[in-house]
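Examining the three-dimensional arrangement
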Amino acid sequence: MIDGDTLDLSDGQRVRLLQIDTPELGSGECYSRASRTALLRLAPEGGAVTLEADPALDKVDRYGRVLRYVKHNGVNVNIRLVLDGAAAPYFYRGDRGRYATRILAAVTRAKNAKRGFWGACRGTVLNVNGQVETRVGKVPGNGIAVTPIAPLVPKTPPSGSKCDANYADGCVPLVDYDLDCADIRALGIAPVRVVGSDVHRLDGDGDGWGCV
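First things first, this report covers the structure right here in the doc.

Digging into the state of the cysteines
If you walk through the whole model with that rule in mind, you get two disulfides. Note on cysteine connectivity: cysteine 30 is disulfide-linked to cysteine 121, with sulfurs 1.9 Å apart. Taking the torsion about the S-S bond as the criterion, the cysteine 30 to cysteine 121 disulfide, at about -80°, is left-handed. Highlighted residues: cysteine 30 in the loop between strand 3 (20-21) and helix 1 (32-42) and cysteine 121 in the loop between helix 4 (117-120) and strand 8 (125-126), separated in sequence by 91 residues. Using a relative accessible area of 0% as the deciding quantity, one classes cysteine 30 as buried. For cysteine 163, the disulfide goes to cysteine 171, at an S-S distance of 1.8 Å. On the S-S bond that ties cysteine 163 to cysteine 171, the torsion sits near -105°, and the link is left-handed. Residue classification places cysteine 163 among the partly exposed residues on the basis of a relative accessible area of 45%.

Spelled out as structure tokens, the structure:
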């Protein structure tokens, strides 16, 4: 298991759960470990899962991951993660699949009940892409934030900034301050490939890609 929205299967397939997004494990984002734990609870290691493709959406992403809804014991894991406040809706390119209405209803219920990161992480919001963003300090092993800080506006690098040679497949600005995945997404260059030193710590799972 990679993080809260990605599974490795025994047959070698890596599955990215459709239409949802979770805080990136290893990034220090609030609730990242708790989201992974929630996925492990709903789709236990060694258990059998059913994969469901969506005819309206891509079947495989650019990294070779299979894009599917995951079901275990009759439960749609994608929807349940959103309902539990462990994931947020994510409609890549704005495309909405067969469960989009149920996913949106689930996030409304989770937010109203302050479940999961909606209650644990101060400053949790949905951005314009439908992804969850939080602005909190580092979290302990249980994934609950203990040092929240005020929401931040993504940094805008100065015009004409040079590209950082440590990253490829997107011009990460060469700046003298730290950038995070929210900044990279706001710049419209996510994901980026790490080809040198990951100075901004964008690659939380160490697979060579940041802000996936």
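Picking up where we left off.
Concerning helix 3 (residues 100-113)
For helix 3, with 14 residues, the first-to-last C-alpha span of 20 Å sits near the 20 Å given by 1.5 Å per residue. For helix 3, the complete set of buried residues consists of Ala100, Ile103, Ala106, Val107 and Ala110. Relative to the axis of helix 3, the buried residues are bounded by an arc of 120° and lie together on one face. Relative to its buried face, helix 3 has exposed residues pointing more than 90 degrees away, namely Thr101, Arg109 and Asn112. Phi turns positive, to about 55°, at lysine 114, one or two residues after helix 3.

Digging into helix 1
Within the span of helix 1, buried status applies to Ser32, Ala34, Ser35, Ala38, Leu39 and Leu42. Taken end-on, helix 1 shows its buried residues confined to a sector of 165°, consistent with a single buried face. Structurally, helix 1 contributes buried residues whose contacts are with strand 1 (6-8), strand 2 (14-17), strand 5 (66-72), helix 2 (77-83) and helix 4.

Quick notes on unusual backbone geometry
For asparagine 73, which is not glycine, the phi torsion reads 55° and is therefore positive. Note that asparagine 73 resides in the loop between strand 5 and strand 6 (75-76). With a phi angle near 55°, arginine 201 is a residue other than glycine that sits in the positive phi range. Here arginine 201 shows up in the loop between strand 11 (192-194) and strand 12 (209-210). Since its relative accessible area comes to 51%, arginine 201 is described here as exposed.

Basis of the calculations
- Residues numbered from 1 in each chain as written.
- Predicted model: local features only at pLDDT ≥ 70, side-chain atom pairs only at ≥ 80, totals over all residues.
- Heavy atoms only, no water.
- Disulfide = S-S within 2.5 Å.
- Helix = DSSP H or I, 4+ residues; strand = E, 2+ residues; numbered from the N terminus.
- Buried < 20%, exposed > 50% of the residue type's maximum accessible area, 1.4 Å probe, protein only.
- Expected span 1.5 Å × (residues − 1).
- Arc of directions from axis to C-beta.
- Contact = heavy atoms within 4.5 Å.

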